[in-house]
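Architecture at a glance
So the chains spell out like this:
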Amino acid sequence: KTQALDLVITDIVMPEKEGIELIMELKGIDPKVKIIAISGGGRINPEDYLKWARRFGVEHTFSKPVDRQKLLDSVAALLTPQVA
């Protein structure tokens, strides 16, 4: 909460705090923060979790298992300054 974040990568189903809750918190602090959400499912299909994540402003989503190169490409795309 004290430092600006460039990018957050989060799982959706976690033991201490659900990823959707974290996403909502982060976007409430800084709506411009870029977020990548990952899910392997849980009580529901992973795509359903990821659909909710996108509704809350997540830029990219991945189902597990995550393709390493696609994740790295996604990180690079989100962290590369956009030329106007």
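**What to know about the overall build of the protein**
Regarding its fold elements, the protein presents three helices and three strands. Here the C-alpha radius of gyration of the protein, 13 Å, is about what a compact globule of 84 residues would show, namely 12 Å. In terms of principal-axis extent, the alpha carbons of the protein reach across some 40 × 30 × 20 Å. The burial tally for the protein puts 30% of its 84 residues in the buried class.

**A word on the nonpolar core**
As a rule of thumb, soluble globular proteins bury nonpolar side chains together. Core analysis: the biggest nonpolar cluster contains 13 residues, and Ile-12, Ile-23, Leu-26, Ile-35, Ala-37, Ala-53 and Val-58 have the highest contact counts within it. The set of elements that each furnish at least two residues to this core consists of helix H1 (19-29), strand E2 (34-39) and helix H2 (46-55). The contact partners of Ile-23, leaving out residues within four places of it in the chain, are Thr-10, Ile-12, Ile-35, Ala-37, Ala-53, Phe-56 and Val-58. Counting residues in hydrophobic clusters, the runner-up holds six residues, among them Ile-38, Phe-62, Leu-71 and Val-75.

**A short note on the packing of aromatic side chains**
Overall, the coordinates contain one aromatic pair when judged by the stated rule. Ring plane angle 25° and centroid distance 6.3 Å describe the contact between Trp-52 and Phe-56, whose orientation is recorded as stacked. Sitting over the ring of Trp-52, Arg-55 keeps its end group 4.7 Å from the ring centre.

**What to know about the pattern of salt bridges**
Pairs may arise between side chains of opposite charge once their charged atoms sit close together. Counted according to the given criterion, the structure contains four salt bridges. A salt bridge links Glu-25 to Lys-17, with the nearest nitrogen and oxygen atoms 2.7 Å apart. Among the residues examined, Glu-25 registers a relative accessible area of 31% and is labelled partly exposed. Note that Glu-59 and Lys-27 form a salt bridge whose closest N and O atoms lie 3.3 Å from each other. With a gap of 32 residues between them, Glu-59 in the loop between H2 and strand E3 (60-63) and Lys-27 in helix H1 connect regions that are remote in the sequence. Using a relative accessible area of 13% as the deciding quantity, one classes Lys-27 as buried.

Rules behind the numbers
- Residues numbered from 1 in each chain as written.
- Predicted model: local features only at pLDDT ≥ 70, side-chain atom pairs only at ≥ 80, totals over all residues.
- Heavy atoms only, no water.
- Helix = DSSP H or I, 4+ residues; strand = E, 2+ residues; numbered from the N terminus.
- Rg over C-alpha atoms; globule rule 2.2 N^0.38 Å.
- Buried < 20%, exposed > 50% of the residue type's maximum accessible area, 1.4 Å probe, protein only.
- Core = buried A, V, L, I, M, F, W, Y, C linked by side-chain atoms within 4.5 Å.
- Contact = heavy atoms within 4.5 Å.
- Phe/Tyr/Trp six-rings, centres within 6.5 Å; stacked < 30°, edge-to-face > 60°.
- Lys NZ or Arg CZ within 6 Å of the ring centre and 35° of its normal.
- Salt bridge = Lys/Arg side-chain N within 4 Å of Asp/Glu carboxyl O.

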